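Commentary on secondary and tertiary structure
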Amino acid sequence: MSGKATAVAPSNIAFVKYWGTRDVERTLPYHPSISMTLRHCVSRCTVELTREEGPVEIRHPDGLRPAPPGFTDAVRRHCRRLARWAEAETGMRVAAHNTFPTGAGIASSASGFAALTLAVLAALERRVPTEELSKLARLSGSGSAARSVLGGYVEWPAGAADGEGHAVQIAPPGHWELCDVVAVVDPTPKSVSSREGHRLAPTSPHWPARLAAVPERLARVRRAIEARDLELLGPVLEEEAIELHLVAMSSRPPVFYWQGGTLDVLQLVRRLRDEGLRVWITIDAGPNVHLICPPEDEPAVVERLAGVAAVRSTIRDRVGAGPALDGEHLF
Ligand code: PMV
């Protein structure tokens, strides 16, 4: 076999969070989630079909190096699953590269597994509709990968019945140009995986209150996206981010993703709003803070973040168009 393909897939930032896995085997959530696909935070993944199971590598500035064991296992499991699905008897060599810190709450698993799924299918010369691609990406175990196969604003329904577990685009990227400025307070991988956080979420005493609150927030976010209304969207973003971490911190055992710098950024954002900037925060499973704002306010947001000692770097991203195949292979 000689099939080789490279895919580039974006990360996404959830507005209404997926937190808690109802069905671990099929990676199905308790409730829908909504995200914005990013443009610049992307994973590139090259897959080549091989006779034996090939290596899983990460591209570093000095070349390809073996991926960490946990990542290698997850990648190999997903490659075997996709080969079974395609009824192809093949091994695979895989290499991946992210343009942003990995495992630090910038949804590297979403972009990574979306890119891997797309690259494997292309190497196997299988064309599937986006719904199928989304379902197959979801089965990697990273539910948010189901959303990264689409551009713009994306909803992943809870998928009550078989055949429903795929994401759908609710608005294309050109509908609303929003920015995501990521304040990186710690670029190193988190110590507790989101998989573990999902498993523990229902042990939090705040879990029932979260499940009750989500439907109204989904409705508000859908309305805000439709009307391009940041004043409506912003407060929901913050409710969602704070509640995800409230549930995580009160899970048994507790999971803490926030660091001191996380709070420094939260305080700055309140000050910036008092000064008239239109900026609200959200946070995934990590200490880094995503500042959502319109393009007009982005330069001032970036400049003010530079004055926060705990912010090590900033990433300027915005709504993006979704994944694509690409001829620039990693090996
Ligand atoms: O898809 P996972 O298992 O990496 O979980 C994603 C969890 C959050 O990023 C915190 C929320 C989300 O909806 O993306």
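Structural data are supplied above this passage.
A brief structural summary.

So, how was this worked out
- Residues numbered from 1 in each chain as written.
- Predicted model: local features only at pLDDT ≥ 70, side-chain atom pairs only at ≥ 80, totals over all residues.
- Heavy atoms only, no water.
- Core = buried A, V, L, I, M, F, W, Y, C linked by side-chain atoms within 4.5 Å.
- Buried < 20%, exposed > 50% of the residue type's maximum accessible area, 1.4 Å probe, protein only.
- Helix = DSSP H or I, 4+ residues; strand = E, 2+ residues; numbered from the N terminus.
- Disulfide = S-S within 2.5 Å.
- Contact = heavy atoms within 4.5 Å.
- Phe/Tyr/Trp six-rings, centres within 6.5 Å; stacked < 30°, edge-to-face > 60°.
- Axes fitted to C-alpha atoms, helices over the stretch in contact; angles between N-to-C directions.
- Parallel < 35°, antiparallel > 145°, perpendicular 65-115°, else oblique.
- Left-handed = near helix turned anticlockwise from the far one by under 90°.

Our next topic: the nonpolar core. What tends to happen in soluble globular proteins is that the nonpolar side chains get buried as a cluster. Core analysis: the biggest nonpolar cluster contains 38 residues, and Val 47, Met 92, Val 94, Leu 116 and Val 120 have the highest contact counts within it. For this core, the elements supplying multiple residues, two or more each, are β1 (4-16), β4 (33-50), α1 (69-85), β7 (91-98), α2 (108-123), α3 (130-138) and β8 (153-156). Among the elements that take part in this core, α2 stands out by supplying 9 residues, more than any other. Among the nonpolar cores identified, the runner-up in size contains 28 residues, and Val 184, Leu 218, Ala 224 and Val 319 belong to it.

Looking now at the state of the cysteines. Per the stated rule, a full pass over the model turns up 0 disulfides. Of all cysteine sulfurs, the one in Cys 79 lies closest to Cys 45, which takes part in no disulfide; the gap is 7.5 Å. With relative accessibility at 3%, the residue Cys 45 sits in the buried group. Free of any disulfide, Cys 179 has its nearest cysteine sulfur in Cys 293, 4.9 Å distant.

Once that is clear, we can look at α3. Since there are 3.6 residues in each turn of an α-helix, residues three or four apart along the chain are aligned in direction. Residues of α3 that are buried include every one of Leu 133, Ser 134, Leu 136, Ala 137 and Arg 138, and no others. Along its buried surface, α3 packs onto β3 (28-29), α1, α2 and β8.

Looking now at the packing of aromatic side chains. Applying the stated rule across the entire model yields 6 aromatic pairs. Pairing Phe 71 with Phe 113 gives two aromatic rings, centres 6.3 Å apart and planes at 55°, and the pair type is tilted. Note that Phe 71 is positioned in helix α1 and Phe 113 in helix α2, a separation of 42 residues in sequence. Residue Phe 113 is classed as buried on the basis of its relative accessible area of 8%.

On to the packing of helix α5 (residues 207-227) against helix α6 (residues 230-249), then. Interhelical geometry of α5 versus α6 gives an angle of 155° and a closest axis separation of 10 Å. Between α5 and α6, the interaxial angle falls into the category roughly antiparallel. Viewed along their axes, α5 and α6 form a crossing whose handedness is left-handed. Judged by residue contacts, Trp 207, Arg 210, Val 214, Arg 217, Arg 220, Val 221, Arg 223 and Ala 224 of α5 engage Leu 232, Leu 233, Val 236, Glu 239, Glu 240, Glu 243 and Val 247 from α6.

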